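Coordinates in review
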Number of protein chains: 2
Amino acid sequence: MKDYLDKDPWKVIENGFFKDYNKITESIFSIGNGYMGQRANFEESFDGDSMQGSYLAGIYYPDKTKVGWWKNGYPEYFAKVLNSVNWIGIDLLLGDQKMTISPDMISNFRRELDMKSSLLRREMTVTTKEGFVFKISSERFCSWTQKEIGSIDYKVKSINYSGPITLVPYLDFDIRNQDSNYDEQFWENVDQGISDTGFFVQAYTKKTFFEVRAQFDVVCYGLQPSKIRNESIPMKALKYLEYTIENNEEIGLQKTVAICSTFNFDKKDLAKATERILTYALDLGYDVLKAQHCEAWANKWNESDIVIEGDVAAQQGVRFNIFHLHQTYSGDDDRLNIGPKGFTGEKYGGSTYWDTEAYCIPFFLSNAPEKVTRNLLMYRYKHLGKAIENAVKLGFKDGAALYPMVTMNGEECHNEWEITFEEIHRNGAIAYAIFDYTRYTDSTEYLYNYGIHVLVAISRFWQQRVNWSNDKESYVILGVTGPNEYENNVNNNWYTNYIAAWCLRYTQQVLNEIKANNPSDYNLKFVELNLSDEELSEWDKINNFMYYPFDLENQLYMQQDGFMDKSLIPVSDLSDSEQPIHQNWSWDRILRSCYIKQADVLQGMYFFEGNFDKDTIKRHFEFYEPFTVHESSLSPCVHAILASKLDMKDKAYEMYLRTARLDLDDYNNDTKDGLHITSMAGTWMSIVKGFGGMKIKGNVLSFTPFIPDNWESYSFKIKFRDNILSIKVGKSDVEVAKLNDGNLSLFINDELIELSNNQKSFILYFSNN
Amino acid sequence: MKDYLDKDPWKVIENGFFKDYNKITESIFSIGNGYMGQRANFEESFDGDSMQGSYLAGIYYPDKTKVGWWKNGYPEYFAKVLNSVNWIGIDLLLGDQKMTISPDMISNFRRELDMKSSLLRREMTVTTKEGFVFKISSERFCSWTQKEIGSIDYKVKSINYSGPITLVPYLDFDIRNQDSNYDEQFWENVDQGISDTGFFVQAYTKKTFFEVRAQFDVVCYGLQPSKIRNESIPMKALKYLEYTIENNEEIGLQKTVAICSTFNFDKKDLAKATERILTYALDLGYDVLKAQHCEAWANKWNESDIVIEGDVAAQQGVRFNIFHLHQTYSGDDDRLNIGPKGFTGEKYGGSTYWDTEAYCIPFFLSNAPEKVTRNLLMYRYKHLGKAIENAVKLGFKDGAALYPMVTMNGEECHNEWEITFEEIHRNGAIAYAIFDYTRYTDSTEYLYNYGIHVLVAISRFWQQRVNWSNDKESYVILGVTGPNEYENNVNNNWYTNYIAAWCLRYTQQVLNEIKANNPSDYNLKFVELNLSDEELSEWDKINNFMYYPFDLENQLYMQQDGFMDKSLIPVSDLSDSEQPIHQNWSWDRILRSCYIKQADVLQGMYFFEGNFDKDTIKRHFEFYEPFTVHESSLSPCVHAILASKLDMKDKAYEMYLRTARLDLDDYNNDTKDGLHITSMAGTWMSIVKGFGGMKIKGNVLSFTPFIPDNWESYSFKIKFRDNILSIKVGKSDVEVAKLNDGNLSLFINDELIELSNNQKSFILYFSNN
């Protein structure tokens, strides 16, 4: 837990240089536009603690698997998002001497992340060993309107130096991933040099053969260079801008870079496209580009801001999370997804996990155009073939699909049998996301044309994955890992069994809907999906005879078979030195303990809240919450939502705090590796679904809001079907504004409220507060 | 399955060169003396398929762990027995040209392993590209009487070549392990050159700093070399013996090598010791050394031979297994143990597994001097401190010990959490071996002075490893892997629970014995072992309230909780293409299946046969046998023994066949990696404990013999307490001979037979045959 950054509603500010935290700051101050991402590394050569990171969405390398003991079915590689061309670099020469900035040369430092407009600014004074003093300032952004463009405004002012100075903006492709399994370099040089516009480097990835071209030019302002010369060597392109500077003189440049790849362009068009995009950006100029970029961000915020009055830290925290979610995923491309660290570090290889469906999709559904979520769903639809292949490798047949635990292109990347082969509930989350999207948007276009294929293949997986137990006279699911990864290879994980049966029910329900609405379409689908009446009745039977572990005495669903055999000692009885247990206990001890890494039974009760009465949820919350260690960043938000529902306001707020400033305060001591992007959606969920109590009842939005004691008010917007709503919760009232025409029905505290076309807002006063 | 070797009661013979099977043959024809081991590599340079292997007991390297996903508690290294100095090398030069033998240059090839005397002989004709023909023959052994000595008799006869020929006997320490995790060389050069006697190389192992000196000299016979010169370069010492040879002339040499290490000598004495040992051997000369060696082997066989009449393949098979067990472990040194591949390959790192206690110790108890087994038990006693440290790493305290799954020096080496942390039944096998040794020898010296320390520490482990289940109102053991490694992280593995409770009972029983026999010694022990009455009564309570999974309907102990939920489909219903399942199924599918890798519940019923009536054993055998795939070489022998007891002769013989010629016929297609040394004891067990029905009833040996239909007779010797017996089972009778003075009582077919001092033998005719 660290507290070195200034609190501000719209900015994150580092005042003074915290050299020991530089890698953390580099993660936190990352900028990105869904197409590329850049850690807050210095432009200049720097010899303090730093992890260079420039990433391009979709450009990955299949790094050869490293494993101690091979198991049949393990994938050959782990896909890694690549550390790519360093496009921000600007070196300084005094005479012939390159300036490498050391932490102790830095004073008057200020780094500022402007979240309103996704701008990174830095100012500092640098004093060389010789005593020369310079003021350096920079501002940069990854353009939201021209996704291939990154641009930097860079100024150097001499305080006491007179003489030759050279600015050297450059591109560098000689880059390695720190997490390479076998210390390989993943990039191979193609070409470098001068083109019609600007200066370029071009390289390709080994094995995957993605080719990337980066090209840049600069505009100098103020004092002009006396000489300009270019240098290109393999993997590098450098421009030398030579000046003679006097005391108090300032030199400035705007470096604009276009980065294009064969992920988006044909190889034969790559050079031309890069040229064209760079030329266009240079023609617009830095100021216009920046203005367009800021306007786009203003629109984003208009859609998805949460305003909290009375608590600056909370305000900064929630905006920080919303900001980074948008930076990571813009929803333009259905081949992209959301890595747990986004583009802020190398960890988890930038790949896709079930985090997307379980945590991120609810955020994007409420806060972004429909196509953003639709593209995330199309991503899985397009991977259906690979998911079927993946299931075949594990012995399934007849079109059953198991989506990978971790993937870049649809193929499984992970290599721990207890996760890769057994954490199969991920299939359920993908089906649930289809359901969630459909009820939010009230559109069946995806569902009937694409989703149904995914649902049928997932149902086929469950059908083959269950087996009949003579002993239990039920269908059981043996050998799984549930959401709580502190249990491996268990039998009848309640969450998995529940979501499996639900998948079968939901698929049937969708098929029945199609049949009722359009019998001839149904008949076509029946053939296309190769369905049979036997198969459908088998799904019915499994759904009806699914086994759910249940403890009669306590009237509780058990996390899995045998859970009540454990020593049930609450987390509060553990000593501080034992926590986090994953750093202090051996794995077997964790496994046989009762401790829960992240919501498991409770994850199910959150997903399917409508199927359980409040007493049931309360009983389960009170049983499982004391054993939950929340050692996954994905856990507290679910508890916050349920605690809110159960009127446990203090618990809800406690859980909210564990997600809201996770990275800003480096709560888990790992922010230096990158930000917890996917769990950031949990902060939004905690407020909107937790404090706001948002859910869908039937087809109607419902809120049961409360406000934490130390807040004055909070407000958020929700996109739901054809409506955009703004909800503001105060100490004693809740105000609903309808931002579009048309009627709107919603529940507030179970009271049905109907706003006609003309009625734009409504205030409800709390009876008790 | 291969059948290219000639069958012979005392030899293994390769007639003609099977170049594609050369690595298999190299394993099968390995020689060793418990101190060193040597694969049957050629002396000459050879460019066919080969895996060079020269190993020294106890000399290992801690190779840095390779693991995909690190778990808390994993060991930093995996200890590997090292491929060591190549001491057999003899090169041939024709003029200046080194002869490298290719498979197609070889004719009239015969390789012969003389198991009676542990001699490896090879004859062949070699034809060079130029058409020169030579007859080459060699014989070698690792001396049983001078353990540091290896010696080779080597002859070359020219058939049609006249001219200069040079024999180059050499030592080479520039050796790598093929299984190195990171492609390191483990040896570092120390020195090389000429000493008073012979020529040496000396090197040390990185990290472990074992230093090894190998020194050799040669005696030439027949035609003498015209010139002798020496060459030494780092890691190598070569002697050039130059001859001029005519057609039909023969040259011969005897190369004698002494290999000494700091495992056995002080570093400062290493050079002198090697010199002294080599000098002594050279003084004796090849023929005397060999005669002493052969005599020692004759004595070995006299102790432990099994003679089978009427089945040469069976005879060869059982002798092959007994032979290699002796070659691997001589019992001279309590720092050594028995690796699953002995000194015949690199696999499994030459480390110690529970195989030793569960399979090898019964063999050595019956067939070798008492001290051999005692040293195996002392090995574990001396590792007790490390076993306690190992338990501390996993969260245990107060002197609880968990012996490692795989070890070289007492530290855990293995890195799969489901094995390393969870296959804890190994502790039970170590306690069982102490019990077995004590009842065999009727000696309590080890038990009271050493064993009790091991037993108490193991009991403390079980005490802390169980937990009380409120649900079951019993003690349970959660999260284990039983002997059947096709189940991981299961709850209440019956075998583990049973042997845990037995450990607690047995430890109490031993303490009570000490108390009854010698109360003052007991009081001393009570203090020394830091016992308390509370602890002892806690053990009692755990023993009394241990949970055993039981299926009421079928009256069966369950392998673990939930076993009856599986799809119970017998192995016979699997297609051939699916087997072995570990090569064809993904791990999760294996885990949730009912298939049993090796005896598990049945392993317990074999260990504790006396505690179950025949009907109970039969019920369990009939239930579990059809699900057992025997994909461990350790499995069939246990089934053979139980089937014999249950009068299922055909099943017993079928199971026997799966162990007896496992390596000779390359049954599992992996003999090229080395022999299955530890499972070789299973062949002996199948015959003596299976067909012979040997067990101990009370304090009396008991036999219930039968003979497989296609055998004429079989006979074996048994050392039991003060007696040595020879048992011969024929078609219609069993003959018992007592080979020592004194009385002997034994049961045959439950009939008590008493031989007085004077009565040396006894024949019992079978009533039914």
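All figures in this text were calculated on a predicted structure; none of them were measured in a lab. Numbers given for residues are sequential positions, taken from 1 along each chain in its written order. To read the labels, note that chains go from A and ligands from 1, taken in the order they are written. Owing to the predicted nature of the model, reporting of local features is limited to residues with pLDDT of at least 70; listing and counting of side-chain atom pairs is limited to 80 or more, with chain, interface and lining totals taken over all residues. Heavy atoms throughout the structure, all of them, feed into the side-chain values; hydrogens and water do not.

What follows concerns the sheet that holds strand S11 (residues 149–158) of chain B. Residue and element names in this part refer to chain B. DSSP bridges decide pairing: two strands pair if at least two such bridges lie between them. Numbering of helices and strands starts at the N terminus; helices are DSSP runs of H or I of at least 4 residues and strands are runs of E of at least 2. An order of S1-S8-S9-S10-S11-S18-S15-S14-S13 is seen for the nine strands of this open sheet, with the pairing classed as antiparallel. The open sheet has two free edges, formed respectively by strand S1 (11–15) and strand S13 (187–194), since each of these has just one partner strand. Ignoring strand direction, the axes of neighbouring strands in this sheet form an average angle of 15°. Bridging between S13 and strand S14 (residues 199–205) involves seven bridges; their strand directions are antiparallel. Its bridge partner being in S14, Trp187 is matched across the sheet by Thr205. Contacts between residues were defined by any pair of non-hydrogen atoms, one from each residue, lying within 4.5 Å. Only the stretch in contact is used when a helix axis is fitted, and all axes are lines through C-alpha atoms; the angle between N-to-C directions ranges over 0 to 180 degrees. Most of the contacts of helix H2 (residues 270–284) go to strand S18 (residues 250–261), to which it runs at about 145°, and overall it touches S11, S14, strand S15 (211–222) and S18. Helix-sheet contacts for helix H3 (residues 286–304) involve strand S9 (119–127), strand S10 (133–142), S11 and S18, and the interaxial angle to S10 is about 50°.

All names here are of chain B. With 19 residues, H3 ought to run about 27 Å at 1.5 Å a step, and its terminal C-alpha atoms sit 27 Å apart, in line with that. Throughout this description, buried means an accessible area under 20% of the type-specific maximum (1.4 Å probe, protein chains only), exposed means over 50%, and partly exposed covers the range between. Along H3, the positions that sit buried rather than exposed are Tyr286, Leu289, His293, Ala296, Trp297, Lys300, Trp301 and Ser304. One face of H3 carries all of its buried residues, which in axial projection span an arc of 145°. Facing away from the buried side of H3, by more than 90 degrees, are the exposed residues Asp287, Glu295 and Asn302. Expected helix span is taken as 1.5 Å per residue step, with the number of steps being one fewer than the number of residues. Taking the helix axis as origin, the arc is that swept by the directions to the C-beta atoms.

This next bit is on empty space enclosed by the protein. Rolling a probe over the atoms, with the probe sized like a water molecule, indicates the empty space that remains. A 1.4 Å probe that fits into a set of points on a 1 Å grid over the protein atoms alone but cannot get out defines a cavity; an open set with protein on both sides within 12 Å along at least five of seven lines defines a pocket, and lining residues are those with an atom within 4 Å of a point. Grid points are joined across faces, edges and corners, and a volume is the space filled by probe spheres set on the points. Per the counting criterion, the structure on display carries ten cavities of 30 Å³ or more. A volume near 180 Å³ is recorded for the largest cavity. Forming the walls of the largest cavity are 18 residues, and the residues nearest its centre are Val67, Tyr74 and Asn415 of chain A together with Tyr74 and Asn415 of chain B. Residue assignment for the lining of the largest cavity shows that the elements contributing at least two residues are helix H8 (417–420) of chain A together with helix H8 (417–420) of chain B. Among the residues making up the lining of the largest cavity, the classes are represented as eight nonpolar, four polar and six charged. Amino acid classes used here: Ala, Val, Leu, Ile, Met, Phe, Trp, Tyr, Cys and Pro are nonpolar; Asp, Glu, Lys and Arg are charged; the rest, including Gly, are polar.

Moving on: the relation of the copies chain A and chain B. Alignment of the copies relies on least squares applied to C-alpha atoms, considering only residues that score at least 70 for pLDDT in both. The transform that puts chain A on chain B rotates by 180° and translates by 0.0 Å along the axis, for an RMSD of 0.0 Å. Here the transformation between the copies is reduced to the relation of a two-fold axis. For chain A, the minimum C-alpha distance to the rotation axis belongs to Val67 of chain A and amounts to 2.4 Å. A symmetric contact is evident, with 100% of the interface residues of chain A recurring at the interface of chain B.

The subject of this paragraph is helix H19 (residues 649–660) of chain B. All names here are of chain B. Relative to the 16 Å expected for twelve residues at 1.5 Å per residue, H19 spans 16 Å between its end C-alpha atoms, a close match to the ideal helical length. Among the residues of H19, those classed as buried are Ala652, Tyr653, Met655, Tyr656, Thr659 and Ala660. Looking straight down H19, one finds its buried side chains confined to an arc of 165°; they lie on one side. Each element contacted by the buried residues of H19 is listed here: strand S19 (306–309), helix H4 (312–328), helix H18 (636–645) and helix H20 (677–691).

All right, on to the sheet that holds strand S30 (residues 751–755) of chain B then. Residue and element names in this part refer to chain B. Taken in spatial order, the four strands make up an open sheet running S24-S25-S29-S30, and their pairing is mixed. Only two strands of the sheet have a single neighbouring strand rather than two, namely strand S24 (695–697) and S30. Neighbouring strand axes in the sheet, compared pairwise and without regard to direction, differ in orientation by 35° on average.

Now for the packing of aromatic side chains. Geometry of aromatic contacts follows a simple scheme: Phe, Tyr and Trp rings, the Trp one being its six-membered ring, pair when their centres are within 6.5 Å, and the pair is stacked under 30 degrees between planes, edge-to-face over 60, tilted otherwise. All told, the structure shown has 146 aromatic pairs over all chains when counted by the stated rule. Ring geometry for Phe17 of chain A and Phe109 of chain A: centres 4.7 Å apart, planes at 55°, overall tilted. Taken as a pair, Phe17 of chain A in the loop between strand S1 (11–15) and helix H1 (22–28) and Phe109 of chain A in strand S8 (residues 106–114) lie far apart in primary sequence, 92 residues in all. Here Phe17 of chain A and Phe109 of chain A have matching classes, each one buried. Centroid distance Tyr4 of chain B to Phe18 of chain B: 5.0 Å. Interplanar angle 50°. Geometry classified as tilted. Here Phe18 of chain B lies in the loop between S1 and helix H1 (22–28) and Tyr4 of chain B lies in the segment before S1, a separation of 14 residues in the sequence. Given a relative accessible area of 6%, Tyr4 of chain B falls into the buried group. On the accessibility criterion, Phe18 of chain B (29% relative accessible area) is partly exposed.

Residues and elements named next belong to chain B. The geometry of helix H5 (residues 355–367) relative to helix H9 (residues 426–441) is characterised by a closest axis approach of 10 Å and an angle of 15° between their N-to-C directions. As far as their axial angle goes, H9 and H5 are roughly parallel. In the packing of H5 onto H9, the handedness of the crossing is right-handed. On H9, the residues that touch Glu357, Ile361, Pro362, Leu365 and Ser366 of H5 are Ala429, Ile430, Ala433, Asp436, Tyr437, Tyr440 and Thr441. Here the residues of the contact of H5 with H9 are counted per class, giving eight nonpolar, two polar and two charged. Oblique is the label for any angle not covered by the other classes, which are roughly parallel (under 35 degrees), roughly antiparallel (over 145) and roughly perpendicular (65 to 115). What makes a crossing left-handed is the near helix being turned counterclockwise from the far one by less than a right angle; a clockwise turn instead makes it right-handed.

This part takes up the side chain of Glu139 of chain B. Here Glu139 of chain B lies in strand S10. Ignoring any residue separated from it by four or fewer positions in sequence, one finds Glu139 of chain B in contact with Leu119, Leu120, Arg121, Ser151, Ile152, Asp153, Tyr286 and Lys290 of chain B.

Let us now look at the environment of Thr496 of chain B. Residue and element names in this part refer to chain B. The residue Thr496 is located in helix H11 (residues 494–517) in this model. Classification of Thr496 as buried rests on a relative accessible area of 0%. Residues Thr496 and Arg426 lie 70 residues apart in sequence; the distance between their C-alpha atoms is 9.0 Å. Setting aside anything within four residues of it in sequence, one finds Thr496 in contact with Ile424, His425, Trp462, Ile477, Val480 and Gly482. Counted as a polar contact is a pair of N or O atoms within 3.5 Å, where, for protein atoms, one must be capable of donating a hydrogen and the other of accepting one, and residues adjacent in sequence contribute only when both atoms are in side chains. A polar atom in the side chain of Thr496 sits 2.6 Å from the side chain of Asn493.

Keep in mind these values describe shape, not function.
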